[in-house]
Structure formats: C-alpha cells, structure tokens
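Fold and geometry: a report
Below, each chain spelled out in residue letters.
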Amino acid sequence: MIYQNFIGNQWFSALTGETIAVYDPSTGQEYAEIARSGASDIDAAVRAARTAYEGAWGKTSPAERSRLLLRLSVALQDQLEVLAQIESRDTGKPMKQARADAAAVARYAEFYAGAADKLHGATIPYPRDYTVMTVREPHGVTGHIVPWNYPLQIFGRSVFASLAAGNACVVKPAEDACLSLLKVAEIAADVGLPAGALNICTGLGAEAGAALSAHAGIDHISFTGSPQAGQQVAIAAAAHFAPVTLELGGKSPQILFSDADIEAALPVVLNAIIQNAGQTCSAGSRLLVQRAIYADVIARLSELFQATRTGAASDDPDCGPLINARQLERVRSFLGSADEAGILVAARGVLDANAPGGGYYQAPVLLADVPPDHRLAQEEIFGPVLSAIPFETEAQALHIANNTPFGLVAGIWTSDGARQLRMARAIRSGQVFINNYGAGGGVELPFGGTGQSGYGREKGFEALYGFTTLKTIAIRH
Ligand code: NAD
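The shown structure was predicted, so the numbers you read here are calculated from the model rather than taken from an experiment.

1. Side note on the pattern of salt bridges
It is possible for side chains of opposite charge to pair when their charged atoms get near one another. Considering all chains together, one arrives at 25 salt bridges under this definition. Here Glu394 makes a salt bridge to Arg419, at a shortest N to O gap of 3.2 Å. Highlighted residues: Glu394 in helix H13 (residues 394-402) and Arg419 in helix H14 (residues 417-426), separated in sequence by 25 residues. Summarising the burial analysis for this pair, Glu394 and Arg419 share the class buried. Here Glu394 ties to Arg422 by a salt bridge, and the two come within 2.8 Å at their closest N and O atoms. Of this pair, Glu394 sits in helix H13 while Arg422 sits in helix H14, and the two are 28 residues apart along the sequence. The class for Arg422 is partly exposed, based on a relative accessible area of 43%. Here the salt bridges share partners, and the residues they tie into one network are Asp259, Glu394, Arg419 and Arg422.

2. Notes on the UniProt feature "active site" (unreviewed entry) in the chain
In the numbering used here, UniProt assigns the feature "active site" (unreviewed entry) to Glu247. Along the chain, Glu247 falls in strand E12 (residues 244-247). For Glu247, a relative accessible area of 4% gives the class buried. Setting aside chain neighbours within four positions, we find Glu247 in contact with Arg157, Phe223, Thr224, Gly225, Cys281, Leu408, Phe447 and Ser453.

3. Considering the domain arrangement of the chain
As assigned here, the chain comprises domain 1 (2-248 + 454-476) and domain 2 (253-443). Taking only C-alpha atoms, the centre of domain 1 and the centre of domain 2 are 30 Å apart. Opposite the 27 residues of domain 1 that make contact, domain 2 presents 30 residues. Both sides together, the interface formed by domain 1 and domain 2 hides about 2,300 Å², and carbon and sulfur atoms give 53% of it. Taken together, the connections running from domain 1 to domain 2 amount to one salt bridge. One salt bridge in this structure joins Asp316 and Lys96, with 3.8 Å as the shortest N-O distance. Between the two partners, domain 1 and domain 2, sit 14 residue pairs in polar contact (both at pLDDT 80 or more). Where the side of domain 1 that touches domain 2 is concerned, the elements lending two or more residues are helix H3 (80-91) and helix H4 (95-115). In terms of residue count, H4 provides more of the side of domain 1 that touches domain 2 than any other element does, six residues in total. Within the side of domain 1 that touches domain 2, the residues separate by chemical class into 10 nonpolar, nine polar and eight charged.

4. Describing the sheet that holds strand E18 (residues 365-368)
The seven strands are arranged E16-E18-E19-E14-E13-E20-E21 in an open sheet whose pairing can be described as mixed. Two strands close off the open sheet at either side, each with one partner strand: strand E16 (344-348) and strand E21 (431-434). For this sheet, the mean inter-axis angle between neighbouring strands, taken without regard to orientation, is 20 degrees. Both strand E20 (residues 409-413) and E21 contribute to a ladder of four bridges, which runs parallel.

5. Observations concerning the site of the ligand
Close contacts around the ligand come from 29 residues, with Val146, Trp148, Lys172, Glu175 and Ser226 the closest. Here an oxygen atom of the ligand sits 3.1 Å away from a polar atom, N or O, in the side chain of Asn149. The side chain of Arg330 places a nitrogen or oxygen atom 3.0 Å from an oxygen atom of the ligand. Relative to its unbound accessible area of 800 Å², the ligand is 90% covered by the protein chains.

6. Brief notes about the UniProt feature "domain: Aldehyde dehydrogenase" (unreviewed entry) in the chain
Sequence positions flagged by UniProt for "domain: Aldehyde dehydrogenase" (unreviewed entry) are, in local numbering, residues 16-473. In residues 16-473, the share of helix is 41% and the share of strand is 21%. The end C-alpha atoms are 47 Å apart.

7. Side note on the side chain of Ser302
Mapping Ser302 onto the fold places it in helix H10 (residues 291-306). Residue class for Ser302 comes out buried when judged on its relative accessible area of 8%. Residues within four places of Ser302 in sequence aside, it is in contact with Ala346, Ala347 and Leu366.

About the criteria used
- Residues numbered from 1 in each chain as written.
- Predicted model: local features only at pLDDT ≥ 70, side-chain atom pairs only at ≥ 80, totals over all residues.
- Heavy atoms only, no water.
- Salt bridge = Lys/Arg side-chain N within 4 Å of Asp/Glu carboxyl O.
- Helix = DSSP H or I, 4+ residues; strand = E, 2+ residues; numbered from the N terminus.
- Buried < 20%, exposed > 50% of the residue type's maximum accessible area, 1.4 Å probe, protein only.
- UniProt positions renumbered as here; feature names shortened; annotations may be inferred.
- Contact = heavy atoms within 4.5 Å.
- Domains from an automatic or database assignment.
- Buried area = accessible area lost by both parts, 1.4 Å probe.
- Polar contact = N/O pair within 3.5 Å; in protein donor to acceptor, adjacent residues only side chain to side chain.
- Nonpolar A, V, L, I, M, F, W, Y, C, P; charged D, E, K, R; others polar.
- Pairing = 2+ DSSP bridges.
- Axes fitted to C-alpha atoms, helices over the stretch in contact; angles between N-to-C directions.
- Near = heavy atom within 4 Å.
- Areas by Shrake-Rupley, 256 points an atom, 1.4 Å probe, with all protein chains shown as cover.

Below is the structure:
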C-alpha cells in the first residue's frame with residue numbers, strides 16, 4: 001500500500017513520485033510506503049492552506065470551529081480501535097498505549113472544541129477619552145513538525161489548538177510514523193473540515209521538514225523532536241520571522257525523599273520510564289533517591305523491572321520495541337558507556353521468547369549509582385533505561401535535579417508540605433508533579449520546557465495563546 005499526501009482534502013503522490021518505505025518495529029519488516037515530499041509538495045500544501053485561510057475556513061466563526069472540532073472528536077472516538085491499530089503497528093506501541101493515544105487525540109479535539117469560542121481579549125484602563133482593547137487573532141498558516149514517538153497525541157495537541165484559534169495547518173509527520181495522522185485527516189474531511197484547513201505532507205526531515213520551516217508562507221511553526229533539529233527549524237524560521245514553539249525532550253528527574261510513600265511511588269516511577277519504551281520526551285529518566293531509603297528502593301524497583309515483559313506490540317507487552325534500528329543502536333551505545341564506566345546494572349526486564357527476530361527490542365534496564373555528571377544522567381537516551389542516583393540532602397537533590405541542559409518535567413515524592421513547595425518553586429522545569437507524575441496525560445495542563453527542552457507552551461488553554469497573535473486597538477473618542 002502506498003500512502004499519499006493530503007492537500008486541500010485530496011490525495012496526491014509526491015510530485016517526484018518518490019516514496020519512503022514504512023517498517024513495522026515489532027518485526028523489522030517493510031509493509032507500506034509513504035510519499036517522499038519535497039519543497040514543491042510543501043509549497044502546494046502551504047498554498048492550499050493560504051487559500052483556505054483567506055476563504056471559507058478563515059470566515060468560520062469560533063462557534064462553527066467549535067462544533068466542527070466536536071464532530072471530529074466524536075468521529076475519532078468512534079474510530080478509536082482503528083486508529084489504535086494503525087498507531088500500534090506503525091510505532092511499535094503496545095495496544096493499550098496506542099488505545100490511550102487514540103483516546104487522547106479525540107480528547108484534544110473535544111478540549112479545543114470547548115475552548116474555541118472562549119478566547120477572550122481584554123480591555124485596558126487608559127485615559128477616559130480612550131477605549132483600549134486587545135483581540136487575539138490567528139497567525140494565518142501554521143506549520144507542525146511532528147515526531148514519531150506520539151504521532152496522534154502530538155498532532156492533536158498542536159493542530160487542534162491551531163485550528164480552534166482559526167489557523168490553517170500544514171503538517172509534516174515523522175518519516176517513521178505518519179499513518180495514523182493520514183487517517184485522522186481522512187476522518188476530518190469526512191466530518192466536514194473545509195478543504196485546505198488541514199494538509200499533511202509526509203517526508204524526510206532534511207527535505208520536507210526543512211522546506212516547511214523555510215517556507216515564507218508559514219506564519220508560525222510548532223516543532224517537537226530533538227534539540228538539534230529544533231535548532232535548525234528555529235534558524236530557518238528566523239529567516240522569515242516566523243515565531244516557533246519548540247518541545248525538545250528532557251532528562252526529567254523523579255526525586256524520592258525518605259518520607260515518601262514508596263509503595264505509591266515505585267509503580268509510577270517504573271511506568272514513567274517504560275511507557276512507550278522510554279521514547280517519551282517527559283520520561284522520568286533520572287531517579288534521585290535519598291540515601292536512607294536508597295538500597296531498599298533499588299531492591300524493590302529491581303523486582304518491578306525484572307517482572308516487565310518486552311515483546312511485539314500486538315501482544316500488548318509492558319514494553320514494545322523501539323522505533324527503528326538507529327534508535328536501538330543509540331540506546332545500546334548508552335548501555336555500552338555504562339559498561340565502560342563500570343556502572344552497575346541493578347535489574348533488567350525480560351524479553352519475550354516469541355518476540356520476532358527482526359524487531360528492535362530493548363528490555364528495560366535499571367542502572368544504579370550513576371554519577372550525576374555521566375552522559376547517562378545528562379543526555380536524553382530515549383529508551384527504557386533508568387539512571388538511579390543517591391543523594392543526602394534536599395539542597396543536593398535540587399542541585400543534581402537542575403544540573404542538566406534540560407528542564408521539562410520533574411516528579412517530587414515527599415510527605416513534607418513545605419518541602420513540596422520549596423522544591424516545586426526551585427526546580428528548573430516546565431511542569432512539576434508532587435506525589436504523582438504525568439497527571440494522567442494532562443490534556444488540560446500547559447506543557448513545555450526551558451533550556452534545551454525548548455520554549456513556548458502547548459496543551460491546555462495556554463496553547464491557544466501561542467497559536468494566536470495579540471492586537472491592541474486604541475480608540476480615541
Ligand atoms: P528528529 O528531531 O530528527 O525528528 C523529529 C521531527 O523533525 C521529524 O518529523 C523529522 O522528520 C523532523 N526533522 C528532522 N530534521 C529536521 C530539519 N532539519 N528540519 C525540519 N524538520 C526536521 O528526531 P529523530 O532523529 O527521529 O530522533 C533523534 C532523537 O531526538 C531521539 O533519540 C530523541 O532523543 C529525540 N526525540 C525527542 C522527541 C520528543 O518528543 N522530544 C521526539 C523524537 C525524538
């Protein structure tokens with residue numbers, strides 16, 4: 001099967017006719033092809049979006065956009081199983097995670113349907129012979145570069161917010177995982193999204209992605225992926241003064257103080273690193289544990305790691321395969337550096353005996369006593385590898401937590417209320433969770449980072465501000 005680009009509610013091959021092979025991460029087998037778009041395909045998509053923005057789509061009222069997104073949400077929910085199956089095969093996600101992602105994309109449509117007609121401006125006190133107001137206006141045409149780890153969720157959080165705000169969108173999914181997004185586009189057209197409001201061009205980052213970020217017709221870019229690619233996108237966008245939202249991953253700490261409810265914390269700590277095989281920007285990939293409970297925590301967590309099952313996505317294991325051979329190689333190189341440094345492997349999960357031979361499997365690994373400045377504790381591995389680090393005092397925990405180039409999410413586990421607040425305020429991070437982590441996906445919760453984790457916020461109502469520009473109108477009377 002060859003999947004085409006979606007431009008102006010129609011399907012097109014890449015103008016060159018070229019395609020890219022699609023592989024199943026659970027088996028390593030090729031099973032489909034996608035269009036390999038270039039600058040001309042991106043240009044066609046941007047022109048379709050501009051036409052929509054200046055035409056039927058641009059004239060919709062917020063209430064109409066709200067109703068449309070609500071219809072889309074219901075249709076996505078109706079197709080949840082279909083979307084989950086596509087996503088699971090394309091990314092290697094275990095089915096229960098793929099179902100959660102499909103439910104999330106429907107929920108994003110529902111949330112932004114509800115928000116579309118509530119994006120108020122303000123009036124500003126000024127001398128009496130003036131009335132001054134602010135209005136929020138769409139940017140125009142927004143570009144969305146989506147990674148492979150959570151295609152449905154990351155698409156939903158940025159594209160539906162952008163559509164709700166009245167923009168027309170051009171999306172460049174990741175070359176490794178785009179099939180679910182093409183299905184969403186088809187569903188959107190079916191429920192009546194006007195032609196050109198949503199366009200999707202598949203292709204490589206260095207080709208289609210670079211062409212999208214450099215296109216002068218793009219008024220805003222939302223990028224999720226690696227710091228290196230994000231930086232290139234921001235540089236390309238700067239050439240035509242397009243604002244950018246960057247979500248670039250992290251090295252997020254989970255901090256366990258000795259007064260924490262360990263029983264409650266440990267399953268959450270485990271899930272935060274094995275979910276999506278650790279290929280999660282907000283993965284809790286560093287575990288900081290107060291010395292008094294360190295040995296006990298490592299022993300109990302080791303049991304949980306050893307009980308995990310890694311295997312084919314369709315078998316719904318705890319941990320599926322990694323996305324591709326390159327990612328597997330990357331994770332193995334990190335594990336190799338643990339070996340070289342003599343870092344102790346405290347526990348490993350189990351690889352299913354019947355996991356297909358060609359799949360990209362890495363069972364979860366718990367590393368103990370990782371030096372805080374080692375690359376295992378500093379760099380984003382993007383695999384199911386947890387680096388445990390002991391600490392003595394609160395000040396030391398804070399120092400270690402803040403001492404990476406990233407700042408995306410932090411988890412703090414303690415029953416001391418004053419410490420909860422001290423830590424939450426002092427930690428360098430876009431989100432802080434106290435005695436929980438990730439808060440159930442948090443469609444409503446603004447999300448984004450600082451430092452190499454990026455800038456700007458997506459999710460929640462806050463995202464709508466990023467997808468609009470503020471106009472101040474001063475009337476003298
Ligand atoms: P990547 O950043 O290269 O890819 C993400 C998206 O950006 C894809 O759609 C890709 O096609 C596109 N892209 C790549 N180069 C581009 C460019 N120059 N201009 C425009 N678009 C471009 O990520 P990757 O190579 O697939 O993965 C490498 C590492 O990135 C991972 O190991 C992980 O550490 C990190 N990563 C983070 C996230 C996240 O959610 N924060 C997601 C994916 C990857």
